[in-house]
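Here's the letter readout for the chains.
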Number of protein chains: 2
Amino acid sequence: MRAEIVSVGTELLLGQIVNTNAQFLSRGLAELGIDVYYQTVVGDNMDRLLKTIELARGRADLLVFTGGLGPTMDDLTRDAVAAYLRRGMEEHEPTMRKLEEMFAGRGAALIESNRKQALLVEGATPLRNNTGLAIGNALSADGTHYLLLPGPPREMKPMFENDASAWLRELLGQADTLHSVMMRFAGIGESALEDLLIDLVREQSDPTIAPYAKEGEVAVRVSTKAPNAEEAQRKMESTLVEIRRRTDRFLYAEEDIPIETEVMRLLLRQRRTLALAESCTGGMVAEMVTTVPGSADAFLGGVVSYTNAVKRDLLGVPEGLLEGEGAPGAVSEETAAAMAEGARRFADSDFGVSVTGVAGPASSEGKPVGLVYLGLAERGKPTRTEKLQLSGDREGIRLRASKRALYRLWLALTGRE
Amino acid sequence: MRAEIVSVGTELLLGQIVNTNAQFLSRGLAELGIDVYYQTVVGDNMDRLLKTIELARGRADLLVFTGGLGPTMDDLTRDAVAAYLRRGMEEHEPTMRKLEEMFAGRGAALIESNRKQALLVEGATPLRNNTGLAIGNALSADGTHYLLLPGPPREMKPMFENDASAWLRELLGQADTLHSVMMRFAGIGESALEDLLIDLVREQSDPTIAPYAKEGEVAVRVSTKAPNAEEAQRKMESTLVEIRRRTDRFLYAEEDIPIETEVMRLLLRQRRTLALAESCTGGMVAEMVTTVPGSADAFLGGVVSYTNAVKRDLLGVPEGLLEGEGAPGAVSEETAAAMAEGARRFADSDFGVSVTGVAGPASSEGKPVGLVYLGLAERGKPTRTEKLQLSGDREGIRLRASKRALYRLWLALTGRE
């Protein structure tokens with residue numbers, strides 16, 4: 001089967017956003033064995049949309065649209081496909097109810113424009129949108145297949161990976177499907193990890209080994225095609241074993257989850273609790289751990305101590321560490337330790353983790369941008385600290401410091417210290 | 001003038017790389033006042049390249065190619081354009097010398113395939129490549145203009161910004177360039193905002209008015225083409241004034257910044273300080289405000305109070321509010337107020353902002369997912385609270401609650417309450 005990806009949106013033609021959807025879909029279609037010969041970007045314009053559909057139909061059997069399913073007047077994709085196929089629209093009941101409940105909950109009336117998001121091209125199979133409102137469409141007409149997906153990646157990606165992929169597989173009558181294991185690593189950089197696995201990556205054929213950079217972390221995807229999961233597992237086993245052997249100190253999960261999720265799972269499983277004290281990361285670590293549903297049972301609380309007064313009053317960091325002649329200062333090993341212990345104390349938790357450093361752009365206490373100290377206090381054990389010198393911009397430093405703090409906790413939780 | 005961007009490369013169709021070139025070029029062309037109606041991605045295939053040229057010629061006056069200028073057999077763009085125009089090739093002497101010197105320096109012979117990088121389509125203007133080898137091409141034939149740029153961004157971008165832009169400016173004479181104002185809004189949804197501006201959006205011609213969805217916020221871009229900024233300002237003024245008049249309660253900036261940046265700027269300008277108390281947002285508000293460089297001078301600290309004990313011990317929320325028969329509980333107007341006041345107290349700040357609610361996936365205290373209370377304590381004023389019923393997944397609820405809390409603070413800082 002041959003596909004064409006049609007991204008709809010004037011913001012793309014104005015260069016206001018990067019078309020990451022096209023890459024994601026190209027890769028996903030390739031994994032299904034579907035060739036992509038063209039990607040097209042067209043604006044929110046009915047005439048040009050219709051011309052694009054006509055053109056793409058001549059070059060592909062499958063047209064995958066992203067964008068133009070929203071509530072505004074600029075959202076024309078659904079209308080264009082319906083008009084091109086001379087079909088009407090039908091309401092998707094569950095989505096309409098979802099919309100009505102949502103607006104009722106807000107005590108607001110359901111604005112007419114919003115109803116558009118519950119419409120299907122007549123005869124289309126609905127593709128569920130679990131992260132947004134607009135329902136997706138999948139339909140076949142006159143030998144051409146159409147997928148209508150939303151523009152926002154956080155809605156489009158899950159829709160493609162779930163309902164859209166299933167619909168395509170059925171269309172393809174595909175026996176072999178792609179099976180893969182995402183191996184996630186922390187505490188190691190992309191090139192250092194690649195050095196560990198270089199020969200495996202070089203010699204790969206089946207299964208394939210693909211490295212990925214994740215938010216402040218790295219991952220390796222091991223993939224193979226097989227009729228079922230058992231067969232796939234058998235084909236991948238020796239590769240997985242070898243990678244595990246080489247990366248034990250960094251491999252924290254064999255599913256696509258960030259380290260904060262694994263750390264919270266371990267805390268919950270071990271029935272242990274955590275408190276945080278953050279300075280330069282300004283709440284980023286707390287924000288990460290609380291993205292995990294159920295985190296409330298293991299994460300007791302945190303303090304974002306941006307001033308010495310808060311470090312002293314809420315965390316009990318001794319005045320002498322923070323100020324005065326020869327004091328180590330807020331960004332120091334001693335203060336990191338005192339903050340971690342202070343966090344553990346105020347929450348009476350099993351672990352206290354602290355981060356203090358210089359995120360920049362300006363240096364502070366005459367200390368360089370990127371200098372960060374981590375503290376790890378644990379009930380019944382001596383407090384540990386780690387000194388980091390990170391590079392990058394303010395956000396990069398904050399992100400890497402936060403991930404590193406979670407990695408330190410992971411080492412402790414898994415007895416790898 | 002109307003342009004089409006043609007990105008050449010099978011790696012794009014396989015999803016191995018993201019097409020950032022298309023964004024860069026779209027923005028650059030828009031700034032030159034050139035409209036982009038289509039972006040096309042085609043593989044390294046002569047037949048499809050020729051068809052793409054034919055097609056693009058029919059819909060644009062300017063074809064901007066990226067990729068396919070390198071030394072390998074797959075690099076076909078130059079050959080395709082020459083073949084399409086029935087022109088020969090000529091060597092670009094300086095580039096050829098550069099190649100010879102480079103290979104001589106390496107003590108290697110200049111491989112024939114590498115010479116390709118010094119070739120120009122007959123009659124083309126060379127575009128210097130200061131960061132790579134392949135020379136760029138600019139030419140006009142039969143009323144259509146062609147720009148051939150390299151694929152690697154580090155080569156393409158400087159070539160476009162230097163020789164290619166100069167060539168286009170000359171082609172355009174004294175062309176108008178695009179000027180625009182990004183208006184950012186908080187406290188209002190995308191469709192509600194559009195309802196406020198519906199007639200303006202419907203009747204728009206020049207300046208144009210385009211709505212955008214940002215992370216938990218909305219924006220409107222007002223654009224016009226003019227020879228200079230003053231003229232553009234004059235053309236946009238009445239539209240800007242009208243939008244300001246209708247959206248005064250929601251319009252927080254006329255530049256592309258998130259509300260946390262504007263709020264921090266206001267706090268710094270007014271020399272006032274902020275402390276936070278977060279429950280369901282788990283540090284997200286603190287994380288947002290601390291992304292702003294210099295925030296340390298206005299943001300004193302925050303408490304992430306995930307347990308009642310922490311709400312009581314660090315924020316001084318009365319036990320009676322949190323537990324026991326008939327207590328309003330952690331998710332309540334009373335607790336939101338006590339948390340905001342507690343935050344203000346521990347940091348002795350001018351403002352204390354609190355968020356407490358049910359982010360889900362499970363309800364708590366028998367209260368529904370999405371129920372959120374905000375608290376705003378201000379020195380010398382009565383404490384205010386707001387009740388929200390938000391929809392969406394856990395992350396969506398946390399994001400919207402955080403933005404709403406910042407919006408409340410913005411209302412207070414700008415005297416709009």
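Refer to the preceding data block for the structure.
Residues numbered from 1 in each chain as written. Chains lettered and ligands numbered in written order. Predicted model: local features only at pLDDT ≥ 70, side-chain atom pairs only at ≥ 80, totals over all residues. Heavy atoms only, no water.

## With respect to the overall build of chain A
For chain A, the count of helices and strands is 15 helices and 17 strands. If one aligns the C-alpha atoms of chain A with their principal axes, the spans along those axes are about 80 × 55 × 40 Å. Looking at chain A residue by residue over its 417 residues, the buried ones come to 56%. Taking all contacts inside chain A whose residues are at least 6 apart in sequence as the whole, residues at least 24 apart take part in 67%. Accessible surface for chain A amounts to roughly 16,400 Å². Of this, 49% is attributable to carbon and sulfur atoms. Distance between charge centroids for chain A: 2 Å, based on 49 positive and 60 negative side chains. (Helix = DSSP H or I, 4+ residues; strand = E, 2+ residues; numbered from the N terminus. Buried < 20%, exposed > 50% of the residue type's maximum accessible area, 1.4 Å probe, protein only. Contact = heavy atoms within 4.5 Å. Areas by Shrake-Rupley, 256 points an atom, 1.4 Å probe, with all protein chains shown as cover. Lys, Arg positive; Asp, Glu negative; His and termini not counted. Charge placed at Lys NZ, Arg CZ, Asp CG, Glu CD.)

## Brief notes about the packing of aromatic side chains
Counting across every chain of the model gives eight aromatic pairs over all chains. Measuring from centroid to centroid gives 6.5 Å for F250 of chain A and Y407 of chain A, while their planes differ by 15°, and the two rings are stacked. Of the two residues, F250 of chain A sits in the loop between α9 (229-247) and β12 (251-253) while Y407 of chain A sits in helix α15 (residues 394-413), which places them 157 residues apart along the sequence. Here a set of aromatic residues connected by ring pairs shows up, and it is made of F250, Y407 and W410 of chain A. Between R48 of chain A and the ring centre of Y37 of chain B, over which it is positioned, the NZ or CZ distance is 3.6 Å. (Phe/Tyr/Trp six-rings, centres within 6.5 Å; stacked < 30°, edge-to-face > 60°. Lys NZ or Arg CZ within 6 Å of the ring centre and 35° of its normal.)

## A short note on the pattern of salt bridges
It is possible for side chains of opposite charge to pair when their charged atoms get near one another. Under the criterion given, the structure shown has 66 salt bridges over all chains. As a salt-bridge pair, D199 of chain A and R246 of chain A come within 2.7 Å of each other at their nearest N and O atoms. Separated by 47 residues along the polypeptide, D199 of chain A in helix α8 (residues 190-203) and R246 of chain A in helix α9 bring together distant segments of the chain. Linking E4 of chain B and R59 of chain B is a salt bridge whose minimum nitrogen-to-oxygen distance equals 2.8 Å. Of the two residues, E4 of chain B is situated in strand β1 (residues 2-8) and R59 of chain B in helix α3 (residues 46-59); the sequence distance between them amounts to 55 residues. Across the pair, exposure class does not vary: E4 of chain B and R59 of chain B are buried alike. Each of R272, E378, K381, R384, E386, R404, R408 and E417 of chain A takes part in a single network of salt bridges with overlapping partners. (Salt bridge = Lys/Arg side-chain N within 4 Å of Asp/Glu carboxyl O.)

## Describing the sheet that holds strand β2 (residues 35-42) of chain B
Read from one edge of the open sheet, twelve strands run β6(A)-β7(A)-β8(A)-β3(A)-β1(A)-β2(A)-β2(B)-β1(B)-β3(B)-β8(B)-β7(B)-β6(B), paired in mixed fashion. At either margin of the open sheet sits one strand with a lone partner, and together these are β6 (125-127) of chain A together with β6 (125-127) of chain B. Here the average twist between neighbouring strands, direction ignored, is 15°. Pairing geometry for strand β1 (residues 2-8) of chain A and strand β3 (residues 62-66) of chain A, over five bridges, is parallel. The residue of β3 of chain A that forms the bridge with V6 of chain A is F65 of chain A. In the packing of helix α7 (residues 153-172) of chain B onto the sheet, the strands contacted are β3 (62-66), β6, β7 (136-141) and β8 (144-149) of chain B, and the crossing angle to β8 of chain B comes to about 165°. (Pairing = 2+ DSSP bridges. Axes fitted to C-alpha atoms, helices over the stretch in contact; angles between N-to-C directions.)

## Structural notes on the packing of helix α10 (residues 259-269) of chain B against helix α15 (residues 394-413) of chain B
Residue and element names in this part refer to chain B. At a minimum axis separation of 10 Å, α10 and α15 run at an interaxial angle of 35°. The two elements α10 and α15 meet at a crossing, and its hand is left-handed. Counting all contacts with α10, which are made through I259, E260, E262, V263, L266 and L267, the residues of α15 involved are K403, L406, Y407, L409, W410 and L413. (Left-handed = near helix turned anticlockwise from the far one by under 90°.)

## Some thoughts on the interface of chain B and chain A
Often, the extent of an interface is quoted as the loss of accessible area on bringing the components together. On the chain A side, the residues contacting the 69 residues of chain B number 66 residues. Summed over both sides, the interface of chain B with chain A buries roughly 5,400 Å², with 57% coming from carbon and sulfur. Our count for the contact surface shared by chain B and chain A stands at three salt bridges. With a closest N to O distance of 3.1 Å, R398 of chain A and E287 of chain B form a salt bridge. Where chain B packs against chain A, one counts 31 residue pairs in polar contact (both at pLDDT 80 or more). Looking at the side of chain B that touches chain A residue by residue, the classes come out as 31 nonpolar, 23 polar and 15 charged. (Buried area = accessible area lost by both parts, 1.4 Å probe. Polar contact = N/O pair within 3.5 Å; in protein donor to acceptor, adjacent residues only side chain to side chain. Nonpolar A, V, L, I, M, F, W, Y, C, P; charged D, E, K, R; others polar.)

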